[in-house]
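Chain by chain, the residues:
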Amino acid sequence: MGSLGDCVVAGVDMTDLYPLPFPDDLPTVDLQTVSIAKLLSKDEAEAQRIFSFCRDPGFFLLDLTDHPEGVALLQDAAECARLAKKLFKGLSIDRKREYKTRQGGGAGIFDMGYFTRDVLPNGDVKYNETMNFPVQDMFGYSRSADFALPAWLEAQDRDLVMRSMRRANIIGNIVLLGLEQSLGITDGKLRAAHRLEDPSGDFLRLLRYPGYDPAANADHLRFPAHKDAISLGLLFTWVGGLQLPAPDAERLAHEEISERSWRWARPVPGTAIVNMGDALELLTNGALTSGLHRVVRAPASQAPHDRYSVLLSLRPANTWPMTPLESPVIPPLTEAQKMGPVLTCAEWGPAKLKALGNRFTEREQKNELLHLKD
Ligand SMILES: O=C(O)CCC(=O)C(=O)O
Ligand SMILES: [Fe+2]
């Protein structure tokens, strides 16, 4: 995308989702691209590549254009971004808040409802707004009493969300197949932990980051550095803002790197950004690494534009024991590790999320501000 123009990839028109090209002169991470078709054909070299990217940096680009299911997901993800725009921009905050969040229900994590932290006096949100849809309740695999979709979600939009979830699970399982191959997992356990129909905390998340108005808000950080409490995420995004650590990033502390170590992730049409989450790091006892990331305001000329993203997650089933799988590549538990109790995924998730919530609060209390120069 050197210049503004039509963006049609594998027959999917995404021209409306790219308001301006990503600037050419910014330091970016060089994410590698993996082919779905090669993973499906059990190409050994591709399985080894994905293994190495999931070890370090815990991110890669998945080319969705070389398989019909991939193209279909690309199309649906673009439609989800348009749905996000319709809902976030078309409804008042009060109406959006009718779609209630929950923590206790379902998988005990933030998987349902509309959420924003701060609303500006002009009625727009300060940093970002999110909307989550839970897989298990929408498909009826496990429906808790607190599940309710908002009245404003039209039937065709609910169908789009469910179709996208089903497709993301298919594509995610192709990634897991490649990981099983490279990890030497021969009993299919990694995929068995991520069946669509087993109740889990899987969700589809829509996000909006309002265009940046320097006069209204001097803090450029939109979503602080974190790792996701999921197995893997398929992230779709069309405008810059996502940042990942440089390969030689200076590590300061747990989930903290120096400011100069952050690099932009350039949106690449036709791909999903795949990120490893904490669950796969745990199930592989560190053989795979959860990817650190954050979101800042869109760069330079893109800054005034709203940024949308669509995140589809795979998580282990609620009852899955969160202990390493059998594999010649996965290190056995140390004696110290064996001391702790083995939690099910539904028990493990809330603790992870609480830690992230504390980090947000801590930042607010310290009144930390991030100001980026272009
Ligand atoms: O919007 C993005 O690009 C990333 C969002 C994210 O990291 C998350 O929802 O966990
Ligand atoms: Fe994230």
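Bear in mind the structure is a predicted one, so any value in this text is a computation, not a measurement.

In this section: the nonpolar core. Membership of the largest hydrophobic core comes to 83 residues, with the highest contact counts inside it found for Phe60, Leu62, Phe133, Leu179, Leu206 and Phe236. Counting 18 residues, the second-largest nonpolar core is a separate cluster that includes Phe59, Ile109, Leu235 and Ala265.

Burial along strand E15 (residues 293-296) is two-sided: the residues His293 and Val295 and Arg294 and Val296 are all buried. Relative to E15, strand E8 (residues 221-226) runs antiparallel, the two sharing three bridges. Bridge pairing links leucine 221 to valine 296 in E15. Examined bridge by bridge, strand E10 (residues 242-245) and E15 share two bridges and lie antiparallel to one another. Along E15, the bridge assignment pairs glutamine 243 with arginine 294.

Here we take up the sheet that holds E15. Reading across the sheet, the four strands line up as E8-E15-E10-E13 and stay open at both edges, with antiparallel pairing between neighbours. Looking at the sheet topology across the chains shown, the edges are occupied by E8 and strand E13 (262-264). Direction aside, neighbouring strands of the sheet carry axes that sit 30° apart on average.

Turning our attention to the confidence of the model for the protein chain. Looking at the protein chain as a whole, its pLDDT mean stands at 92, while 96% of the residues score no less than 70. Scoring of the predicted complex yields 0.95 for pTM and 0.99 for ipTM.

In the vicinity of ligand 1, the contacting residues are Arg205, Leu207, Tyr209, Phe223, His226, Asp228, Leu235, His293, Val295, Arg307, Ser309 and Leu311. One of the side-chain N or O atoms of histidine 226 is found 3.2 Å from an oxygen atom in ligand 1. Side-chain polar atom of serine 309 to an oxygen atom of ligand 1: 2.6 Å apart, as the coordinates give it. When ligand 1 is considered free in solution it has 290 Å² of accessible area, and contact with the protein chains removes 98% of it. The set of elements that each furnish at least two residues to the shell around ligand 1 consists of strand E7 (203-209), E8, E15 and strand E16 (307-314). Considered class by class, the residues forming the shell around ligand 1 number six nonpolar, three polar and three charged.

Among the structural elements, tyrosine 212 can be located in the loop between E7 and E8. Between the C-alpha atoms of tyrosine 212 and glycine 90, which are 122 residues apart in sequence, the distance is 19 Å. One polar contact links tyrosine 212 to histidine 220, side chain to side chain, over a distance of 2.5 Å.

This next bit is on the coordination of the iron ion (ligand 2). With distances of 2.1 to 2.2 Å, the protein atoms coordinating the iron ion (ligand 2) are His226 (NE2), Asp228 (OD) and His293 (NE2). All donor residues of the iron ion (ligand 2) come from one chain, and their arrangement in sequence is H-x1-D-x64-H. Residue aspartate 228 is found in the loop between E8 and strand E9 (232-237), and its partner histidine 293 is found in strand E15; the two are separated by 65 residues along the sequence. Pair check on accessibility: aspartate 228 and histidine 293 agree, each one buried.

Before going further, it helps to spend a moment on the state of the cysteines. For the structure shown, the criterion picks out zero disulfides. Here cysteine 54 is not disulfide-linked; the sulfur of cysteine 345 is the nearest cysteine sulfur, at 18 Å.

Enumeration over the complete set of coordinates arrives at six aromatic pairs. Each ring, one from phenylalanine 88 and one from tyrosine 114, has its centre 6.2 Å from the other, and the planes form 50°; the classification is tilted. With phenylalanine 88 in helix H3 (residues 68-90) and tyrosine 114 in strand E5 (residues 113-116), this pair connects stretches of sequence that are 26 residues apart. On the accessibility criterion, tyrosine 114 (4% relative accessible area) is buried. On the numbers, 5.4 Å between centres and 5° between planes, the contact of phenylalanine 139 with tyrosine 141 is stacked. A residue is classified by how much of its surface remains accessible, and phenylalanine 139, at 16% relative accessible area, is buried. The class for tyrosine 141 is partly exposed, based on a relative accessible area of 28%. Grouping aromatic residues by their ring pairs yields a cluster made of Tyr99, Phe133 and Trp152. Cation over ring: arginine 297 sits above tyrosine 212, and NZ or CZ is 5.9 Å from the ring centre.

A few words now on the pattern of salt bridges. Applying the stated criterion across every chain, the model contains 25 salt bridges. Linking aspartate 146 and arginine 102 is a salt bridge whose minimum nitrogen-to-oxygen distance equals 3.0 Å. Placement of aspartate 146 in the loop between helix H5 (135-139) and helix H6 (155-183) and of arginine 102 in the loop between helix H4 (93-96) and E5 is noted, with a sequence separation of 44 residues between them. On the basis of relative accessibility, which here comes to 35%, the residue aspartate 146 falls in the partly exposed class. The salt bridge partner of glutamate 259 is arginine 294, with a shortest N-O separation of 2.8 Å. Here arginine 294 lies in strand E15 and glutamate 259 lies in the loop between strand E12 (256-257) and E13, a separation of 35 residues in the sequence. Here the residues in one salt-bridge network are Lys89, Lys96, Asp124, Glu129, Arg208 and Asp306, joined through shared partners.

Basis of the calculations
- Residues numbered from 1 in each chain as written.
- Chains lettered and ligands numbered in written order.
- Predicted model: local features only at pLDDT ≥ 70, side-chain atom pairs only at ≥ 80, totals over all residues.
- Heavy atoms only, no water.
- Core = buried A, V, L, I, M, F, W, Y, C linked by side-chain atoms within 4.5 Å.
- Buried < 20%, exposed > 50% of the residue type's maximum accessible area, 1.4 Å probe, protein only.
- Helix = DSSP H or I, 4+ residues; strand = E, 2+ residues; numbered from the N terminus.
- Pairing = 2+ DSSP bridges.
- Axes fitted to C-alpha atoms, helices over the stretch in contact; angles between N-to-C directions.
- pLDDT = per-residue confidence, 0-100.
- Near = heavy atom within 4 Å.
- Polar contact = N/O pair within 3.5 Å; in protein donor to acceptor, adjacent residues only side chain to side chain.
- Areas by Shrake-Rupley, 256 points an atom, 1.4 Å probe, with all protein chains shown as cover.
- Nonpolar A, V, L, I, M, F, W, Y, C, P; charged D, E, K, R; others polar.
- Donors = N, O, S within 2.8 Å, 3.2 Å for Na, K, Ca; no water.
- Disulfide = S-S within 2.5 Å.
- Phe/Tyr/Trp six-rings, centres within 6.5 Å; stacked < 30°, edge-to-face > 60°.
- Lys NZ or Arg CZ within 6 Å of the ring centre and 35° of its normal.
- Salt bridge = Lys/Arg side-chain N within 4 Å of Asp/Glu carboxyl O.

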